[in-house]
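Residues per chain, in single letters:
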Amino acid sequence: MEETKIFLITYFAALLGVVPPGLVNMTVAKTCVEYGKKNGIYVAIGASIIVFFQALVAILLAKYIFDNPFVRNILLRTGLVIFIFLMIYFYLKARSDSHLKKHSKKANSNSFFKGMLVAVLNVFPIPFFVAIAAALNVSGEVNYHWSYILVFVLAASLGSFTTLYFYVFSFWKIEDKTEVFAKYSNYFMAALMLVLIIITLIRIFCY
């Protein structure tokens, strides 16, 4: 019964947590538009595997991270640096692409590793899952069985994949109407990184 509660709460928290546009889900959408549905799914799978390990780290270190402002601050500052570099990268890439390019839509392993890479660069899920773990009383005050931990990380990974697959399905269904997004996707990603930079700065200096 306790495992079911942990699974449902974590699953829906992870599902909703990935809904707002972010680095991972917009990479999935961008890949789906440019390279096809299968490659978008590969990115989603790769990212979800990394989320599994991020949730594992979060639940094992929940109490330490949750009670340590220094660690939270380090995570935020790391994310800030990553987002700045990504913003510059996407902006320069957008400037170098003078026209819309046609890409092969054959599924390949590069998309899988791309999903893993962008998920690794996205450090924010760790404090997010720490908060969930604390809310579930799995912050170290109670010695939970390994099955509880396994249920938690599986739910986090599956919840994230569900939302990412929704992005794949949504952008694949309107593929013939996404030329503008495909053409200006790098500008869009650069603008998204700028928004994330601003949000991160607010979190660093206001909390």
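Above this text you will find the structure in question.
What counts, and at which threshold
Residues numbered from 1 in each chain as written. Predicted model: local features only at pLDDT ≥ 70, side-chain atom pairs only at ≥ 80, totals over all residues. Heavy atoms only, no water. Helix = DSSP H or I, 4+ residues; strand = E, 2+ residues; numbered from the N terminus. Contact = heavy atoms within 4.5 Å. Core = buried A, V, L, I, M, F, W, Y, C linked by side-chain atoms within 4.5 Å. Buried < 20%, exposed > 50% of the residue type's maximum accessible area, 1.4 Å probe, protein only. Phe/Tyr/Trp six-rings, centres within 6.5 Å; stacked < 30°, edge-to-face > 60°. Polar contact = N/O pair within 3.5 Å; in protein donor to acceptor, adjacent residues only side chain to side chain.

1. Section: the side chain of Ser111
Point 1. Along the polypeptide, Ser111 turns up in helix H6 (residues 109–121).
Point 2. In this structure Ser111 touches Thr31, Asn39, Tyr42 and Val43, once residues within four positions along its chain are discounted.

2. Considering the nonpolar core
Point 1. The biggest cluster of nonpolar side chains holds 34 residues, and the ones touching the most others in it are Phe83 and Met193.
Point 2. Counting residues per element, the ones that place at least two in this core are helix H2 (23–35), helix H3 (37–60), helix H5 (69–96), H6, helix H8 (146–173) and helix H10 (185–206).
Point 3. Excluding residues within four positions of it along the chain, Met193 makes contact with Leu23, Phe83, Leu86, Met87 and Phe90.
Point 4. Counting 18 residues, the second-largest nonpolar core is a separate cluster that includes Ala58, Leu75, Ala133 and Val151.

3. Quick look at the environment of Lys37
Point 1. Residue position: Lys37 is located in helix H3.
Point 2. Along the sequence, Lys37 and Val168 sit 131 residues apart, while their C-alpha atoms lie 6.3 Å from each other.

4. What to know about the packing of aromatic side chains
Point 1. A complete count under the given rule lists 8 aromatic pairs for this structure.
Point 2. On the numbers, 5.2 Å between centres and 85 degrees between planes, the contact of Tyr11 with Phe12 is edge-to-face.
Point 3. The exposure class assigned to Phe12 is partly exposed, which follows from its relative accessible area of 46%.
Point 4. Look at Phe129 and Phe152: their rings are 6.3 Å apart centre to centre, the planes differ by 80 degrees, and that puts the pair in the edge-to-face class.

5. A word on the side chain of Thr27
Point 1. You can see Thr27 is positioned in helix H2.
Point 2. Reaching out from Thr27, the side chain makes a polar contact with the backbone oxygen of Leu23 at a distance of 2.6 Å.
Point 3. Apart from residues lying up to four places away in sequence, Thr27 is in contact with Val43, Lys114, Val118 and Met189.

Just distances and angles here, no functional claims.
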